[in-house]
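Topology and contacts: notes
Residues per chain, in single letters:
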Amino acid sequence: MLKLFGPLLDCIARTSIDLSPGRYGLVAACDGGLLEVTGLAAPIGALCRVAHGSAALTAEVIGFRNGRSLMMMLGDTVMLRPGARVRMEGRPGRLAVGDAFLGRAVDGEGKPIDGGPPLHAREFWPAGGIRTAALDRSPVRQPFDTGVRALNALTTFGVGQRIGIMAGSGVGKSVLLDMIATGAEAEIVVVGLIGERAREVSDFVERHMTGAKRARTAVVAVPADHAPNLRLRGALLATSLAEYFRSQGRQVLLIMDSLTRVAHAAREIALLLGEPGAARGYPPSALATITKLVERAGNSAASQGAITGIYTVLADGDNQDDPVVDTARSILDGHVVLSRDLAQRGQYPAIDVAASLSRVMSDIVTPEHNRLAREFRALSAGYEANRDLVLMGAYRHGADPGVDRAIAMHDALSAFVAQPAGSMVSLAASVQALTALLTDEG
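One structure accompanies this document, and this report is about it. (Residues numbered from 1 in each chain as written. Predicted model: local features only at pLDDT ≥ 70, side-chain atom pairs only at ≥ 80, totals over all residues. Heavy atoms only, no water.)

**Examining the packing of aromatic side chains**
Formally: Each aromatic pair joins two rings of Phe, Tyr and Trp (for Trp, the six-membered one) with centres within 6.5 Å, and gets the label stacked for planes under 30 degrees apart, edge-to-face for over 60, and tilted for any other angle. Numbered from the N terminus, helices here are DSSP runs of H or I no shorter than four residues, and strands are runs of E no shorter than two. Relative accessibility under 20% of the residue-type maximum defines a buried residue, over 50% an exposed one, and the middle range a partly exposed one, all with a 1.4 Å probe and only protein chains included.
The tally for this structure, following the rule as stated, stands at three aromatic pairs. Between Trp 125 and Tyr 244, the aromatic rings sit 6.4 Å apart at their centres with planes inclined by 80°, giving edge-to-face as the arrangement. In this pair, Trp 125 is assigned in strand S9 (residues 123–126) and Tyr 244 in helix H5 (residues 228–247), connecting sequence segments 119 residues apart. No difference in accessibility class separates Trp 125 from Tyr 244, as the two residues are buried. On the numbers, 5.4 Å between centres and 50° between planes, the contact of Phe 376 with Phe 416 is tilted. Of the two residues, Phe 376 sits in helix H11 (residues 367–392) while Phe 416 sits in helix H13 (residues 410–417), which places them 40 residues apart along the sequence.

In structure tokens, the structure reads:
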């Protein structure tokens, strides 16, 4: 019993008592989830409690207008009444972080969803991160082992790199992320499941929060049916946790699924505040949210820690020129494109090698490895460019030696990219397999 209440009593002992008069405001209006509160000058980002009988609802300040604070509920507005009292709580603009989150699954407010006891974190981190100068970021110089053969050999990741996994719905982004989370080497793994299906959340927690991996993994999950500001807070909490562990000099793997759902949440909030849609309905602030979130990952020269960020990006309608996809591709250090055509042919993971790119690969691998990866990419692109001609029988053997070799090696190339979901291939083994494949056939 003492072990159960010990952390709570310790937290109470460290908490200072606020004896200042309590301030509260009143709900004056509610329109589509947007609350207008009078008499409470709360800063943007602050959490507030709205009196609701014996219970209380939670709202977040997202703006102010004409002397009124604009708030958005973190839950439903059912049974909310005019004139309800609103009180500010917590630390505005700061999120609880710490080792207490390791081995736990929490929601966007930092509350446990795994059935465990409440968390009593003593550290706090700015929700928007701590901005550093560009030269305070160390360059990417060490390779990062993902456990996936095609990624290790053909689009080698680096420690501190930001990578996007881009594809339409149902092509295998979450499965590939699951493989990386299983096989990657990192001291700390922070997973943000933002706007995904609740079933995927429970499946992920069941697979990865067991055994030795549990002690180094923290999961922040906010399913799709939650309020947009709660989804956005979940992404900020996951990134803040990764920044906190990086400040301690640790090597952190940050997995965000998905960046598009974060942009959708930011879009809903911006439109609610009256910001006009610009790029296909996305207000400028929604796309800026992606940039700010991604830029917080990377290496730290001060602490020698690193955040390797892997973000999934949903291409609506398989459109690779979607505003979110285009914005993410321009700010990330590389991207992995999953092809629906390859998935329909039964290749998993359905990585489009020719369209995928790691911008730091040439800096972290040997020249020979880089040459072999380019050769593999050329063979794969050569076959795909002439695939229709080959299937129709219109291609004449001997017309192009490069295409002839690509056709002869097509099955071997596809087998190299394919990998069962439960298997892991190290970086060294991936490079060795690539060398053997192209050397033997060369």
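**Examining the pattern of salt bridges**
Formally: A side-chain nitrogen of Lys or Arg and a carboxyl oxygen of Asp or Glu constitute a salt bridge if their distance falls within 4 Å.
What the rule picks out here adds up to 19 salt bridges. Taking the shortest distance from any N to any O, the salt bridge between Glu 36 and Arg 68 comes out at 2.9 Å. Of this pair, Glu 36 sits in strand S2 (residues 34–38) while Arg 68 sits in strand S5 (residues 68–73); the two residues are 32 residues apart in sequence, bridging distant segments of the chain. A relative accessible area of 23% places Glu 36 in the partly exposed class. Residue Arg 68 is classed as partly exposed on the basis of its relative accessible area, which comes to 32%. A single network of salt bridges, built from pairs that share partners, joins Glu 368, Arg 371, Glu 375 and Arg 405.

**What about H5?**
Residues three or four positions apart in an α-helix share a direction because the helix packs 3.6 residues into each turn. Heads up, the condition is: The span you would expect from a helix comes to 1.5 Å times its residue count less one.
Over its 20 residues, H5 runs 29 Å from end to end, which matches the ideal 28 Å to within 8%, given 1.5 Å per residue. With respect to burial, H5 is a largely interior element, 18 of its 20 residues being buried. Phi turns positive one or two residues past the end of H5, at Gly 249, with a value near 85°.

**As for the side chain of Glu 375**
This is how it is decided: Within 3.5 Å is the distance limit for a polar contact, defined as a pair of N or O atoms, with the added protein rule that one can donate a hydrogen and the other accept it, and that residues adjacent in sequence qualify only through two side-chain atoms. Residue contacts are counted whenever heavy atoms from the two residues lie within 4.5 Å of one another.
Here Glu 375 lies in helix H11. Within the local environment of Glu 375, its side chain forms a polar contact with the side chain of Arg 405, the two groups lying 2.7 Å apart. Ignoring sequence-local partners within four residues, the contact set of Glu 375 consists of Arg 405 and Leu 438.

**Observations regarding the packing of helix H6 (residues 259–272) against helix H7 (residues 284–295)**
Short version of the rule: For every element, the axis is a line fit to its C-alpha atoms; helices are fit only across the contacting stretch, and the angle between N-to-C directions ranges from 0 to 180 degrees. The labels follow the angle: roughly parallel below 35 degrees, roughly antiparallel above 145, roughly perpendicular from 65 to 115, and oblique for the rest. Left-handed describes a crossing whose near helix is turned anticlockwise from the far helix through less than a right angle; right-handed describes the clockwise counterpart.
One way to put it is that H6 packs onto H7 with a least axis distance of 8 Å and a crossing angle of 135°. Overall, the two elements H6 and H7 adopt an arrangement that is oblique. H7 is crossed by H6, and the crossing has right-handed handedness. Together, Leu 259, Val 262, Ala 263, Ala 266, Arg 267 and Ala 270 of H6 and Ser 285, Ala 286, Thr 289, Ile 290, Leu 293 and Val 294 of H7 make up the contact between the two elements.

**Details of the pairing of strand S12 (residues 162–167)**
This is how the line gets drawn: Two strands are counted as paired when DSSP detects at least two bridges linking them.
With respect to burial, S12 is a largely interior element, six of its six residues being buried. Burial along S12 is two-sided: the residues Arg 162, Gly 164 and Met 166 and Ile 163, Ile 165 and Ala 167 are all buried. Judged from the six bridges that link them, S12 and strand S17 (residues 306–314) form a sheet pairing that is parallel. Each bridged residue has a counterpart across the sheet, and for Ala 167 the counterpart in S17 is Leu 314.

**Focus: the nonpolar core**
What counts is decided by this rule: In these notes, a set of buried Ala, Val, Leu, Ile, Met, Phe, Trp, Tyr and Cys residues joined through side-chain atoms within 4.5 Å is what counts as a nonpolar core.
Ranked by internal contacts, the top residues of the largest apolar core, which has 57 residues, are Leu 176, Val 336 and Phe 376. Non-local contacts of Val 336, meaning those with residues more than four positions away in its chain, are made with Leu 151, Thr 155, Phe 157, Ile 163, Gly 164, Ile 165, Met 166, Leu 176, Ile 351 and Ser 356. Core analysis: the second largest hydrophobic core is formed by 56 residues, Ile 188, Ala 238, Leu 293 and Ala 297 among them.

**Here's the deal with the packing of H11 against helix H12 (residues 401–408)**
Selection criterion: Three classes are used, and their members are as follows: Ala, Val, Leu, Ile, Met, Phe, Trp, Tyr, Cys and Pro are nonpolar, Asp, Glu, Lys and Arg are charged, and the others, Gly among them, are polar.
Put simply, H11 and H12 touch, their axes get as near as 8 Å, and they point 90° apart. Classified by the angle between their axes, H11 and H12 sit roughly perpendicular to one another. Residues Glu 375, Leu 379, Tyr 383, Asn 386 and Val 390 of H11 touch H12, and the partners they reach there are Gly 402, Val 403, Arg 405, Ala 406 and Ile 407. A per-class count over the contact of H11 with H12 returns six nonpolar, two polar and two charged.

**Some words on the side chain of Thr 217**
Within the secondary structure layout, Thr 217 lies in strand S14 (residues 217–222). The exposure class of Thr 217 is buried, given its relative accessible area of 5%. Within the local environment of Thr 217, its side chain forms a polar contact with the backbone oxygen of Lys 213, the two atoms lying 2.7 Å apart. If we ignore the near neighbours within four places in the chain, the residues touching Thr 217 are Phe 101, Leu 102, Gly 103, Arg 104, Val 189, His 208 and Met 209.

**Let's talk about unusual backbone geometry**
Asp 257 connects to Ser 258 through a cis peptide bond whose omega is 10°. If you trace the backbone, Ser 258 turns up in the loop between strand S15 (251–257) and H6. Residue Asn 66 is not a glycine yet carries a positive backbone phi of 55°. In this structure, Gln 304 takes a positive phi of about 65° despite not being glycine. Looking at where Gln 304 falls in the secondary structure, it is placed in the loop between strand S16 (298–299) and S17.

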